[in-house]
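# A look at the structure
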Amino acid sequence: MATVNLWAKDGYMSTPDGNSIYFWGFTGDANRPAQLPGPRIVITQGQEVTVNLTNTLAKPVSIVFPGQRGVLAGGQPVQPQYDAERLVSFADYAPPNGGTVTYTFTAEHPGTYIYESGTYPYRQVPMGLYGGLVVRPADFDADTNKTAYGAGTDTGFDREYLLITGEIDPKLHRAVEQGKACSAGGYRPRYWTVNGRCAPDTMMKDSVPYLPRQPYGSMIMAERGERVLIRYIGAGVQTHPLHPHGNHTRVIAVDGRLLRNGEHDRSYNRFTVLVEPGRTYDQIFRWDGLGYSEQNPIPTILPNLRNMGIGDAGWTLWSGSPYLGQKGDIPVGVVSHNELGEYYFMLHSHAEPQITNWGEFPGGMMSMIAVYPSLSPVVGTLP
Amino acid sequence: MAIIRKRYGATDGWINMPDGSKHYIFGFNDITGIPESGIFEFRGKASLPAPLLEVYEGDEVYITLTNLGFPTRPDLDDTHTIHWHGFPNQIPLWDGVPEVSISVPVGRDFDYYYKPLGPGTYMYHCHFEPVEHIQMGMVGPVIVRPGIEKDPDYQGRRFAYNNTITEFDREVILFLTELDLRPHDMVANAQEFDWTEYSPQYWLINGRSYPDTIKPGEDEGLPFQPLSSVVKAYQGEKVLLRIVNLGFQDHSLQILGIPLKVIGQDAREMRGYNSEDLSQWRNTVYIAPGQTMDVIFTAPAAGKYILYNRSHDKNTVNGTSFGGMVTEIDIL
């Protein structure tokens, strides 16, 4: 039996171009501000879960759990809600200004899921009322049986990351802030987010103090050869073709369902995965490299670096060396954020206007995969 | 295994649309073997798409990228790179992402090296300010041919992957992009475009809008758009379509009267973890930016068949019909 307490609140989020945007979000503590996305919920298959929602906003708010069956509200099956015979909510809601509602369900299948508001969702979900739900397989053991879908499913992993995509049209957010009417038509995002942040903030660590409402980073870190479980959730209304550099990913599950029919494996390798609205993907990424080192040198010659473009963005993540775990010279005046000679591979939406902040590159739905020569085992774990 | 040496220039140029309009582009051209004193002649002569890179798995491929500058925008000293999109286990040095390694300033060279180990259809593009440089046209196709074709048992036969069921008789590249005339015009005139306003008027196959798509490769009206999209085959032949999407929109292709078998995606044969056959029959091939698909069909009875974008708004040229992502299959 797991109990999750959530509060629906409002607040302001930051974008890297200096904008401050009003949003609605969930938080896991009555005394903490709203966050974007909501707290990660990690439970185990077969576990009964109780979610208590307290709504501090001036509008009704609910939570729906797509992919879960038999969800109860106040002990009864959740039902759509009507106001004067007009649909207002897909599920029982917590009334405004302090109302509460309690949902219970038992997670039937392991996998990656979304939870989100089902009340006026065309407005409340883009406002930020969404979060990620991870269900561990019943036989999960972080030390001896670390898999996404259970023993015997070929889904073992060494580290895992959850990336939730979203979009922001500031016009909608301003209208909600000012209590004005805003048509759902003409939706035109200016920001695209991963875990509620726009690049380059996506590459910052979890819980950095200057992003108090956006606690989750999206920098994927691993060692060479490790199996990295990357979970995608599409929380917006657009499609996003996410492309990791460095290698293909093996897509092992869609919408929390293992891609396997009995003995027939249906997983596949892709270099771009199209994340559709509401969909989730579980993938294994692994970078083994091509075996280059100072003992097995690259077959090309590094040019004089003063003649090359390095750090044009105002910074570089390059080490100055072609080799993993080595550092080389970086031209004077260029700031390198490289720590240990690690390699960086971009992970981004290939609908390229989505990697801008209101039209300005770099930004938006973009992060990096960092391959370190060695890395603490606590990096890349979900609570 | 062969050693392949190429030299690509990065520069600008102009392309033509069937409504008579001209559009400013950035792009690559092939300057392999051109003496140093002659490369200046290639400034302002970028092609769309960029030259096809065609190699065998196991080849050692050296590409020198030379930044020739922009004659139309001499004030714009952007650097360039080559990003081989989808290359497995790449190292950052040759991955072409300026933020994590090296880019090439005007007048400089840089050597990329690839030893492709997986056959299939890939793409390459510049990764400097990619929203601008991709839309402006620095995009090209890559084909990695399978080693099985070099096996004496299969001499003279052609395959998409190392599996005899991927055999084909003819192949065509369908390289999909879009063109929004506003950023092209603004970049030509040293203005900044708000990329969140992106909304194209032209939808292109191999850099051309129908009816230019069915013109032959060499066409005096299309000097820098050298790739035809016309598909010609005899009845009963197997035709491989190598579809690449390097636009910013999802596209939905159909051929009226011809079912399509998707046998590869993202340069991987459609095979499961234990070699399960995952190929799929489709009437509609839905492809997102940054994806590639390998599709085989068997040429039906003689006649013309139309390939088009089922998002019918993309069968237009700046608002008028017919045009855009349309081409013709001629079965003889």
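Let us look at the overall build of chain A. Scanning chain A from terminus to terminus reveals 2 helices and 25 strands. Computed over its C-alpha atoms, the radius of gyration of chain A comes to 22 Å, within 12% of the 21 Å expected for a compact globule of 383 residues. Out of the 383 residues in chain A, the part that is buried amounts to 58%. Averaging the positions of the 30 positive and the 35 negative side-chain charges in chain A gives two centres separated by 4 Å.

Tallying secondary structure elements over chain B gives 2 helices and 22 strands in all. A compact globule built from 332 residues would reach a C-alpha radius of gyration of about 20 Å, and chain B, at 19 Å, matches this within 12%. Along the three orthogonal principal directions, the C-alpha set of chain B runs to about 55 × 50 × 35 Å. Buried positions account for 63% of the 332 residues belonging to chain B. A distance of 5 Å separates the average location of the 27 positive side-chain charges in chain B from that of its 44 negative side-chain charges.

What follows covers the sheet that holds strand 6 (residues 76-77) of chain A. All names here are of chain A. Reading across from one edge, 2-1-4-9-5-6 is the order of the 6 strands in this open sheet, with mixed pairing throughout. The sheet terminates laterally at strand 2 (20-27) and strand 6, the two strands that pair on one side only. Two elements, strand 5 (residues 72-73) and strand 6, share 2 bridges in a ladder whose sense is antiparallel. Counted as the bridge partner of Leu 72 is Pro 77 from strand 6. Each of strand 1 (2-14) and strand 2 touches helix 2 (residues 170-177); the most contacted strand, strand 2, lies at about 75° to it.

The interface is formed by 65 residues belonging to chain B together with 61 residues belonging to chain A. Buried area between chain B and chain A, both sides added, is near 5,100 Å², and the carbon and sulfur share of it is 61%. Together, Asn 89, Glu 99 and Thr 196 of chain B form the three largest contributors to the area buried by chain B at its contact with chain A, with a combined 14%. Viewed at the interface, chain A and chain B are joined by 2 salt bridges.

Residues and elements named next belong to chain A. Burial within strand 10 (residues 111-116) is extensive, with 6 of its 6 residues counted as buried. Side chains of strand 10 alternate between two faces, with Gly 111, Tyr 113 and Tyr 115 and Thr 112, Ile 114 and Glu 116 buried alike. In this sheet, strand 11 (residues 130-136) lies alongside strand 10 in antiparallel orientation, the contact comprising 6 bridges. By the bridge assignment for strand 11, Gly 111 is matched with Val 135.

This part takes up the nonpolar core. Within soluble globular proteins, side chains that are nonpolar generally end up buried alongside one another. Among the nonpolar cores identified, the biggest contains 110 residues, and Tyr 232 of chain A together with Phe 28, Leu 53, Ile 82, Trp 84 and Trp 94 of chain B are the most heavily contacted of them. Considering each element in turn, this core owes the most residues, 6 residues, to strand 25 (residues 366-372) of chain A. Residues in contact with Tyr 232 of chain A, not counting those within four places in the same chain, are Thr 112, Leu 163, Leu 242, Val 273, Val 275, Arg 279, Thr 280, Tyr 281, Gln 283 and Leu 347 of chain A. Grouped together as the second largest cluster of nonpolar side chains are 33 residues, Val 61, Leu 133, Val 135 and Leu 172 of chain A included.

Residues and elements named next belong to chain A. Mapping Val 88 onto the fold places it in strand 8 (residues 86-89). In this structure the C-alpha to C-alpha distance between Val 88 and Pro 60, which are 28 residues apart in sequence, comes to 9.1 Å. Each residue touching Val 88, except ones within four places of it in the same chain, is listed here: Gln 81, Tyr 82, Asp 83, Tyr 93, Gly 118, Thr 119 and Tyr 120.

The subject of this paragraph is the packing of aromatic side chains. This structure, assessed with the given rule, holds 26 aromatic pairs over all chains. Judged by centre distance (6.2 Å) and plane angle (85°), the rings of Tyr 343 of chain A and Phe 345 of chain A are edge-to-face. Accessibility assignment for this pair places Tyr 343 of chain A and Phe 345 of chain A in one class, buried. Between the aromatic rings of Trp 84 of chain B and Tyr 122 of chain B, the centroid separation amounts to 5.6 Å while the plane-to-plane angle is 75°, which identifies the pairing as edge-to-face. Pair noted here: Trp 84 of chain B is in strand 5 (residues 83-85) and Tyr 122 of chain B is in strand 7 (residues 120-125), with a separation of 38 residues, a long-range link. An aromatic cluster is defined as three or more aromatic residues linked by ring pairs; in this entry it consists of Phe 271 of chain A together with Trp 84, Phe 87, Phe 110, Tyr 112, Tyr 114 and Tyr 122 of chain B.

Here we take up the sheet that holds strand 3 (residues 53-56) of chain B. Residue and element names in this part refer to chain B. Taken together, 4 strands build an open sheet; the order of strands is 3-8-7-5 and the sheet is mixed. Taken across any chain shown, the strands that pair with only one partner, and hence form the sheet edges, are strand 3 and strand 5. The mean inter-strand angle of the sheet, taken between neighbouring strand axes irrespective of direction, is 25°. Sheet topology places strand 7 next to strand 8 (residues 139-145); 6 bridges connect them, and they run antiparallel.

Moving on, we come to the pattern of salt bridges. Using the criterion set out here, one finds 33 salt bridges over all chains in the structure. One salt bridge in this structure joins Asp 265 of chain A and Arg 260 of chain A, with 3.3 Å as the shortest N-O distance. Since its relative accessible area comes to 2%, Asp 265 of chain A is described here as buried. Across the pair Glu 328 of chain B and Lys 304 of chain B runs a salt bridge whose closest N-O atoms are separated by 3.6 Å. One end of the pair, Glu 328 of chain B, is in strand 22 (residues 326-331); the other, Lys 304 of chain B, is in strand 21 (residues 303-309), and 24 residues separate them in sequence. The exposure class assigned to Glu 328 of chain B is buried, which follows from its relative accessible area of 10%. Here the salt bridges share partners, and the residues they tie into one network are Glu 54, Arg 145, Arg 158, Glu 171, Arg 242 and Asp 294 of chain B.

Turning next to the state of the cysteines. By definition, a disulfide links the sulfur atoms of two cysteines through a covalent bond. Summed over the entire model, instances satisfying the criterion amount to 0 disulfides over all chains. Sulfur of Cys 182 of chain A: no disulfide; nearest cysteine sulfur belongs to Cys 198 of chain A and is 19 Å away.

All right, on to a nonpolar patch on the surface then. Together, Tyr 82, Leu 87 and Phe 90 of chain A line one region of the surface with nonpolar side chains, adding up to about 350 Å² of accessible area. If you trace the backbone, Leu 87 of chain A turns up in strand 8.

Residues and elements named next belong to chain A. Mapped onto the elements of the fold, Tyr 22 is located in strand 2. Judged by its relative accessible area of 11%, Tyr 22 is buried. Here the alpha-carbon distance between Tyr 22 and Gly 256, two residues 234 residues apart in the chain, equals 32 Å. Setting aside residues no more than four positions away along its own chain, Tyr 22 makes contact with Asp 10, Gly 11, Tyr 12, Met 127, His 173, Val 176 and Glu 177.

Definitions and limits used
- Residues numbered from 1 in each chain as written.
- Chains lettered and ligands numbered in written order.
- Predicted model: local features only at pLDDT ≥ 70, side-chain atom pairs only at ≥ 80, totals over all residues.
- Heavy atoms only, no water.
- Helix = DSSP H or I, 4+ residues; strand = E, 2+ residues; numbered from the N terminus.
- Rg over C-alpha atoms; globule rule 2.2 N^0.38 Å.
- Buried < 20%, exposed > 50% of the residue type's maximum accessible area, 1.4 Å probe, protein only.
- Lys, Arg positive; Asp, Glu negative; His and termini not counted.
- Charge placed at Lys NZ, Arg CZ, Asp CG, Glu CD.
- Pairing = 2+ DSSP bridges.
- Contact = heavy atoms within 4.5 Å.
- Axes fitted to C-alpha atoms, helices over the stretch in contact; angles between N-to-C directions.
- Buried area = accessible area lost by both parts, 1.4 Å probe.
- Salt bridge = Lys/Arg side-chain N within 4 Å of Asp/Glu carboxyl O.
- Core = buried A, V, L, I, M, F, W, Y, C linked by side-chain atoms within 4.5 Å.
- Phe/Tyr/Trp six-rings, centres within 6.5 Å; stacked < 30°, edge-to-face > 60°.
- Disulfide = S-S within 2.5 Å.
- Patch = residues over 30% accessible without salt bridge, like charges linked within 9 Å, V, L, I, M, F, W, Y side chains within 5 Å.
- Areas by Shrake-Rupley, 256 points an atom, 1.4 Å probe, with all protein chains shown as cover.

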